[in-house]
Amino acid sequence: MKSQLTTLCYIEQNDCYLMLHRDAKKNDINHDKWIGVGGHFEAGESPEDCLLREVFEETGLTLHSCHFCGIVTFVSDDNPAEYMCVYTSNDFTGNLTTCNEGTLQWVPKNKILELNLWEGDKVFLKLITENSPFFSLKLVYKNGKLIEKQLNGRFF
């Protein structure tokens, strides 16, 4: 099985993150979860190329700069591993558009953990909000439940 390469961005404005409620597609592994915006690499794209394209496609916003926070390795059941480049940005222009993957909403940072998030997302969101240095996080899921976490090669 071929590994997947993806990007994810938490866009910041007025102490809020732009979140995507994945409520549009029924057979979506992220159905009813809240996530940042991003997606899968296309051939020949760098992580930043992918990020800029995906953010624009999903939100209508154009990022002018971004901060590369870390990389997350997801391992889940018999699925191929996913390597996700995680970013933040507060430097953008444009107007929000409708997203075909769900509902976009600005959510206060202090309310994010009240949303229906993947357990692992809570881990890297905490690292981001604490301004941790660049991180490598490995998250292992079994039947949708987080069973293992490693930060920079150490179990925790």
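Anything mentioned here points back to the structure above.
Every residue gets a number counted from 1 within its own chain, in the order that chain's sequence is written. Residues qualify for local features only when their pLDDT is at least 70, as the model is predicted, and side-chain atom pairs are given and counted only at 80 or more; totals for whole chains, interfaces and linings, by contrast, use all residues. Water and hydrogen atoms play no part in the side-chain values, which are based on all heavy atoms of the structure.

Participant: Explain the overall build of the chain here, please?
Facilitator: Under the DSSP-based scheme used, a helix requires at least four consecutive residues in state H or I and a strand at least two consecutive residues in state E, with every element numbered from the N terminus. Each helix and strand in the chain was counted, giving two helices and nine strands. Note that the radius of gyration is over C-alpha atoms, with the globule rule given as 2.2 Å times the number of residues to the power 0.38. A compact globule built from 156 residues would reach a C-alpha radius of gyration of about 15 Å, and the chain, at 15 Å, matches this within 12%. In terms of principal-axis extent, the alpha carbons of the chain reach across some 40 × 35 × 35 Å. Burial statistics for the chain: of 156 residues in total, 45% are counted as buried. Per-residue accessibility, obtained with a 1.4 Å probe over protein chains only, is compared with the maximum for each type, and a residue is labelled buried under 20%, exposed over 50%, and partly exposed between these values.

Participant: Explain the environment of Asp-15 to me, please; I cannot follow it from the model alone.
Facilitator: Within the fold, Asp-15 resides in the loop between strand E1 (4–13) and strand E2 (16–21). Taking C-alpha positions, Asp-15 is 32 Å from Glu-42, a pair spaced 27 residues apart along the chain. Excluding residues that lie within four positions of it along the chain, Asp-15 makes contacts with Pro-108 and Lys-109. Working rule for contacts: check all heavy atoms of both residues, and any pair within 4.5 Å makes them a contact.

Participant: Please clarify how the environment of Gln-13 should be interpreted in this entry.
Facilitator: The topology assignment puts Gln-13 in strand E1. Given a relative accessible area of 33%, Gln-13 falls into the partly exposed group. A sequence separation of 57 residues divides Gln-13 from Gly-70, and the C-alpha atoms of the two residues are 21 Å apart. With sequence-adjacent residues up to four places away left out, Gln-13 is seen in contact with Phe-92 and Trp-106.

Participant: I would appreciate a short explanation of helix H2 (residues 119–129) in the present structure.
Facilitator: For an α-helix, 3.6 residues make a turn, and residues three or four places apart therefore share a direction. Taken together, the buried positions of H2 are occupied by Gly-120, Asp-121, Val-123, Phe-124, Leu-125, Leu-127 and Ile-128. Trailing H2 by a residue or two, Asn-131 shows a phi angle of about 55°, which is positive.

Participant: I would appreciate a short explanation of the pattern of salt bridges in the present structure.
Facilitator: Pairing of side chains with opposite charge becomes possible as their charged atoms draw close. The working definition used for a salt bridge is a side-chain nitrogen of Lys or Arg within 4 Å of a carboxyl oxygen of Asp or Glu. In the structure shown here, the tally under the stated rule is nine salt bridges. Taking the shortest distance from any N to any O, the salt bridge between Glu-45 and Arg-53 comes out at 2.6 Å. What you see here is one network of salt bridges that share partners, running through Glu-42, Glu-45, Arg-53, Glu-54 and Glu-57.

Participant: Explain the pairing of strand E8 (residues 145–151) here, please?
Facilitator: Here is the key point about a regular strand: its side chains alternate between the two faces of the sheet. Here a strand pair is declared whenever DSSP counts at least two bridges between the two strands. Pairing between strand E7 (residues 135–142) and E8: six bridges, direction antiparallel. Of the residues in E8, the one forming a bridge with Leu-139 is Lys-149. In this structure, the hairpin formed by E7 and E8 is closed by a connection of two residues, where Asn-143 is found at a positive phi of approximately 50°. Examined bridge by bridge, E8 and strand E9 (residues 154–155) share two bridges and lie antiparallel to one another. Note that in E9 the partner of Gln-150 across the bridge is Phe-155. Adjacent in sequence and paired antiparallel, E8 and E9 are bridged by two residues, among which Asn-152 carries a positive phi angle near 50°.

Participant: Can you help me understand the packing of aromatic side chains in this one?
Facilitator: Where two aromatic rings form a pair, the distance of their centres and the angle of their planes describe that pair. A pair of aromatic rings is counted whenever rings of Phe, Tyr or Trp (Trp by its six-membered ring) have centres within 6.5 Å, and the orientation is called stacked for planes under 30 degrees apart, edge-to-face for over 60 and tilted otherwise. Overall, the coordinates contain six aromatic pairs when judged by the stated rule. On the basis of an interplanar angle of 20° and a centroid distance of 4.7 Å, the ring pair of Phe-68 and Tyr-87 is categorised as stacked. One end of the pair, Phe-68, is in strand E4 (residues 62–76); the other, Tyr-87, is in strand E5 (residues 82–93), and 19 residues separate them in sequence. Using a relative accessible area of 29% as the deciding quantity, one classes Phe-68 as partly exposed. With relative accessibility at 1%, the residue Tyr-87 sits in the buried group.

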